[in-house]
Amino acid sequence: MSVNIERRRDGPGETDHVDRAWQLKERIHRQEGVLKQRRGFFTDAYRRAATLLYFEDETLVAFGSVRRDGYILFLAVAPEARGQGYGERLVAEIAEEHTTITCHARTSNESALGFYQHLGFEIDRRIDGYYEDNGDAYYLKLGEQDGIRKRLSEFLRR
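Cut-off values and rules
Residues numbered from 1 in each chain as written. Predicted model: local features only at pLDDT ≥ 70, side-chain atom pairs only at ≥ 80, totals over all residues. Heavy atoms only, no water. Helix = DSSP H or I, 4+ residues; strand = E, 2+ residues; numbered from the N terminus. Expected span 1.5 Å × (residues − 1). Buried < 20%, exposed > 50% of the residue type's maximum accessible area, 1.4 Å probe, protein only. Pairing = 2+ DSSP bridges. Axes fitted to C-alpha atoms, helices over the stretch in contact; angles between N-to-C directions. Contact = heavy atoms within 4.5 Å. Salt bridge = Lys/Arg side-chain N within 4 Å of Asp/Glu carboxyl O. Core = buried A, V, L, I, M, F, W, Y, C linked by side-chain atoms within 4.5 Å.

Trainee: Kindly report on helix H3 (residues 86-97), identifying the contributing residues and their values.
Mentor: Between the first and last C-alpha of H3 there are 18 Å, a value that for 12 residues agrees with the 16 Å anticipated at 1.5 Å per step. Along H3, 9 of the 12 residues are buried, which leaves the element largely enclosed by surrounding structure. Within H3, burial applies to Tyr-86, Gly-87, Glu-88, Leu-90, Val-91, Ala-92, Glu-93, Ile-94 and Ala-95.

Quick look at the structure:
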């Protein structure tokens, strides 16, 4: 059985896939307790960002929303699709357009921290009480000095 992978994009101001992205984010939130945002905040941030989306046979399996400055607002991969390189590809595509990529991750989200560190992100600083529920975050950064394009370009070739 072959799987058809399709890449789609919502640019700033576009919300063609916001409902499907919200549904995937909420499913991950219910299962793992991460990606905690209110619907209004999510929709607003999504609308202001560029969002890359990967679909497997019309099912959204991964998406990443990034601001113009290279800050990743949301990065989500369906649990059943993890380990297939979708997260790496999303970050690699973001790297094609930005010399520096940054994001926040909960200090308690070991899975996300491991993923980002695997790609070469470094913890820039810790921010106590960053999240609405008073959770702490790390501010992570991957920049040009790390050879971001060279380091991540291999994921685009897969």
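Trainee: Please give an account of the sheet that holds strand S2 (residues 50-56) that cites residues and values.
Mentor: Pairing within the open sheet is antiparallel, and its 4 strands lie in the order S1-S2-S3-S4. The open sheet has two edge strands, strand S1 (5-10) and strand S4 (72-77), and neither has a second partner. On average, adjacent strands in this sheet sit at an angle of 20° to one another, irrespective of strand direction. For S2 and strand S3 (residues 59-66), the ladder comprises 7 bridges, and the chain directions are antiparallel. Looking at the pairing, Leu-53 lines up with Phe-63 of S3. Packing of helix H2 (residues 39-48) onto the sheet brings it into contact with S1, S2, S3 and S4, and relative to S4 it is tilted by some 105°. Where H3 meets the sheet, it contacts S1, S2, S3 and S4, and its direction lies at approximately 145° from that of S2.

Trainee: Break down the sheet that holds strand S6 (residues 122-127) for me, with residues and values.
Mentor: The sheet built from 3 strands is open, its strands ordered S5-S7-S6 with antiparallel pairing. With partners counted over all chains shown, the strands left at the sheet margins are strand S5 (101-106) and S6, one partner each. Within this sheet the neighbouring strands show an average axis-to-axis angle of 25°, counted without direction. Pairing geometry for S6 and strand S7 (residues 137-142), over 5 bridges, is antiparallel. Each residue of the ladder has a partner; that of Arg-126, found in S7, is Tyr-138.

Trainee: An account of the pattern of salt bridges is requested, with residue identities and associated values reported.
Mentor: Summed over all chains, the structure comprises 16 salt bridges. Glu-32 is the partner of Arg-82 in a salt bridge, and the nearest nitrogen-oxygen pair spans 2.7 Å. Of this pair, Arg-82 sits in the loop between S4 and H3 while Glu-32 sits in helix H1 (residues 18-32), placing them 50 residues apart in sequence. Among the ionic contacts, a cluster of salt bridges with common partners joins Glu-6, Arg-8 and Glu-58.

Trainee: Pulling in residues and values, what's your account of unusual backbone geometry?
Mentor: Despite not being glycine, Asp-57 shows a phi value in the positive range, around 45°. Its place among the elements puts Asp-57 in the loop between S2 and S3. According to the relative accessible area criterion, Asp-57 is partly exposed, its value standing at 44%. The backbone phi angle of Asn-134 is positive, close to 75°, even though this residue is not glycine.

Trainee: Talk me through the environment of Ala-95; I want residue IDs and the actual numbers.
Mentor: Within the element layout of this structure, Ala-95 appears in helix H3. On the accessibility criterion, Ala-95 (1% relative accessible area) is buried.

Trainee: I'd like a rundown of the nonpolar core, residues and numbers included.
Mentor: Membership of the largest hydrophobic core comes to 44 residues, with the highest contact counts inside it found for Phe-42, Phe-63, Ile-72, Val-91, Tyr-116, Phe-121 and Leu-140. When neighbours within four sequence positions are excluded, Ile-72 is seen to be in contact with Ser-65, Val-66, Val-91, Ile-94, Ile-101, Thr-102, Cys-103 and Tyr-116.

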